[in-house]
Amino acid sequence: MARVLLLQGNAAVVEGAIAAGCKFFGGYPITPSTEVAELLAEKLPQVGGKFIQMEDEIASIGACIGASLAGNKVMTATSGPGFSLKQELLGLACAAEIPLVLVNVQRVGPSTGQPTSPSQGDVMQARWGTHGDHWIIALAPTSVPECYSLTLRAYELSEKYRVPVIMLMDEVVGHMRERIDLPDNYDEVVKPMRKQPTCPPEEFLAYAADESLVPAMPAFGSGYRWHVTGLVHDETGFPKGTGKATVAQADRQYHKLYDNLEDIVDVEEYKLDDAEYAIIAFGGAARTCYDAIELARKEGLKVGMLRCITVWPFPEAQVKALAGKVQGIMVHELNCGQYVTEVERVVAGKCPVDLYAKYDNEPATPEEMLEEIKKAMAK
């Protein structure tokens, strides 16, 4: 049996977090993500979890890191200004390989910007917001049901690879309401589990890894002792100030993700089988593209879409293959042009790449999108 509900995207994220076994939320209210905090404040105590509103966004993600080290699945949620504040400790989570799910419901920026208007202006920040070389996963839902399913997926990836995962939403997806079918009983949903050590505590090395390159992660207080630092560290977890240690840490953290792109990267190919022209989009912007493609095909234009569900790591293989099949590509994003730079890099001149940037506080209409497609195809 299933429950049939009419939910906001933000509410569907909460349902996904509860279903995945989330037991801790540390956050601070900010439009347009506040519903995530409000609903988890209500629901977490009902499943034995804890909610805490911290004094700011930096403390919020710090609390999540601590709760994750104690063995819990955790979540924090924010929007643009708060996402900026979280970057320092997001870097710590990357360096120390602490699983957590961070929901960023994007709004117009920079600074306070337009708090209630949709944007996708944080897409490059999601990849490069914290300093230094680091690797991270970001997922972009397009519908309310996908807010639920991708939250489950975010926890699966975060726990499996010991990496922060960003749910890169936007105000359109966070606040719209759609029908969603949810399980009656979340006990039946498979909960992702962290790898646990198989050796006795006295033999445990906090960052020793097998062929998966992902170290085991026992909970603090379970009898296994380990040291956590943002400094470069060796297998013991303690700082190691050599170039060799820096290379070893960076390479392992890179390869544990990039050797598994077939498992991590997910895209939707919409009407691409016979397409002569393709749109690349993600999140709320992609919703317009479905209808625009239908309008284009009614006029005899063979248009399709590659929707990036996994935004980071960038779906390089899929974009490269697409560039070899179509006569041109249009990137549609709700910003002045960010993701298009990655598309241009990977396409590398195989076909023309155009940008339809929409940054006037409103998503595009299908009719507006169709006009942009026609202009690009006429070049």
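Keep in mind the model is a prediction, meaning the values are calculated, not measured.

Things to note about the pattern of salt bridges
Where charged atoms of side chains with opposite charge meet at close range, the side chains can pair.
Then, number 1: The tally for this structure, following the rule as stated, stands at 21 salt bridges.
Then, number 2: The partner of glutamate 15 in a salt bridge is lysine 43, and the shortest N-O contact between them spans 3.5 Å. Of this pair, glutamate 15 sits in helix H1 (residues 9–20) while lysine 43 is found in helix H2 (residues 34–43), placing the two residues 28 residues apart along the sequence.
Then, number 3: A salt bridge links glutamate 342 to arginine 345, with the nearest nitrogen and oxygen atoms 3.0 Å apart.

Some thoughts on the sheet that holds strand S12 (residues 303–308)
Then, number 1: Spatially, 5 strands are ordered S10-S12-S11-S14-S15 in an open sheet, and the strand pairing comes out mixed. Both outer strands of the open sheet, strand S10 (267–270) and strand S15 (353–357), are each paired with one neighbouring strand and no more. Direction aside, neighbouring strands of the sheet carry axes that sit 20 degrees apart on average.
Then, number 2: Bridging between strand S11 (residues 277–281) and strand S14 (residues 328–333) involves 4 bridges; their strand directions are parallel. Residue pairing in the sheet places tyrosine 277 in a bridge with glycine 328 of S14.

Considering the side chain of arginine 127
Then, number 1: Looking at the secondary structure, you find arginine 127 in helix H5 (residues 123–128).
Then, number 2: Those residues in contact with arginine 127, other than ones at most four positions away along the chain, are His134, Trp135, Ile136, Tyr258 and Trp312.

Description of the packing of aromatic side chains
Then, number 1: Tallied over the entire structure, the rule returns 12 aromatic pairs.
Then, number 2: Ring centres of phenylalanine 25 and phenylalanine 51 lie 5.5 Å apart, and the angle between their planes is 0 degrees; this geometry places the pair in the stacked category. Of this pair, phenylalanine 25 sits in strand S2 (residues 22–27) while phenylalanine 51 sits in strand S3 (residues 50–53); the two residues are 26 residues apart in sequence, bridging distant segments of the chain.
Then, number 3: Judged by its relative accessible area of 0%, phenylalanine 25 is buried.
Then, number 4: Taking relative accessible area as the criterion, phenylalanine 51 reaches 28% and is therefore assigned partly exposed.
Then, number 5: The interplanar angle of 25 degrees and the centroid separation of 6.3 Å between the aromatic rings of tyrosine 148 and tyrosine 186 together place this pair among those described as stacked. A residue pair is termed long-range when its members are at least 10 positions apart, and tyrosine 148 in helix H6 (residues 144–161) and tyrosine 186 in the loop between strand S9 (177–183) and helix H8 (243–258) qualify at 38 residues. The residues tyrosine 148 and tyrosine 186 share a single accessibility class, namely buried.
Then, number 6: Feature note: the residues Phe282, Trp312, Phe314 and Tyr339 constitute an aromatic cluster, connected by ring pairs.
Then, number 7: The ring centre of tryptophan 128 lies 3.8 Å from the NZ or CZ of arginine 127, which sits over that ring.

Some details on the packing of helix H3 (residues 57–69) against helix H4 (residues 80–96)
Then, number 1: H4 packs onto H3 with a crossing angle of 30 degrees between their chain directions and a minimal axis gap of 8 Å. Between H3 and H4, the angle falls in the class roughly parallel. Helix-helix and strand crossings are classified by hand; for H3 and H4 the assignment is right-handed. Residues Glu57, Ile58, Ser60, Ile61, Gly62 and Ile65 of H3 form the contact with H4, whose participating residues are Gly82, Leu85, Lys86, Leu89, Leu90, Leu92 and Ala93.
Then, number 2: Residue composition of the contact of H3 with H4, grouped by class: 8 nonpolar, 3 polar and 2 charged.

Regarding the pairing of strand S8 (residues 164–170)
Then, number 1: Where burial is concerned, most of S8 is hidden: 7 out of the 7 residues are buried.
Then, number 2: Here S8 shows no split at all, with Pro164, Ile166, Leu168 and Asp170 on one side and Val165, Met167 and Met169 on the other all buried.
Then, number 3: Relative to S8, strand S5 (residues 100–108) is paired through 7 bridges, and the arrangement is parallel. Its bridge partner lying in S8, valine 103 is registered against methionine 167.
Then, number 4: Here 3 bridges tie strand S7 (residues 137–139) to S8, and the two strands are oriented parallel to one another. Bridged to isoleucine 137 within S8 is valine 165.
Then, number 5: With respect to chirality, the unit in which S7 leads through H6 into the neighbouring parallel S8 is right-handed.

What counts, and at which threshold
- Residues numbered from 1 in each chain as written.
- Predicted model: local features only at pLDDT ≥ 70, side-chain atom pairs only at ≥ 80, totals over all residues.
- Heavy atoms only, no water.
- Salt bridge = Lys/Arg side-chain N within 4 Å of Asp/Glu carboxyl O.
- Helix = DSSP H or I, 4+ residues; strand = E, 2+ residues; numbered from the N terminus.
- Pairing = 2+ DSSP bridges.
- Axes fitted to C-alpha atoms, helices over the stretch in contact; angles between N-to-C directions.
- Contact = heavy atoms within 4.5 Å.
- Phe/Tyr/Trp six-rings, centres within 6.5 Å; stacked < 30°, edge-to-face > 60°.
- Buried < 20%, exposed > 50% of the residue type's maximum accessible area, 1.4 Å probe, protein only.
- Lys NZ or Arg CZ within 6 Å of the ring centre and 35° of its normal.
- Parallel < 35°, antiparallel > 145°, perpendicular 65-115°, else oblique.
- Left-handed = near helix turned anticlockwise from the far one by under 90°.
- Nonpolar A, V, L, I, M, F, W, Y, C, P; charged D, E, K, R; others polar.
- Right-handed = clockwise from strand over helix to strand, strands pointing away.

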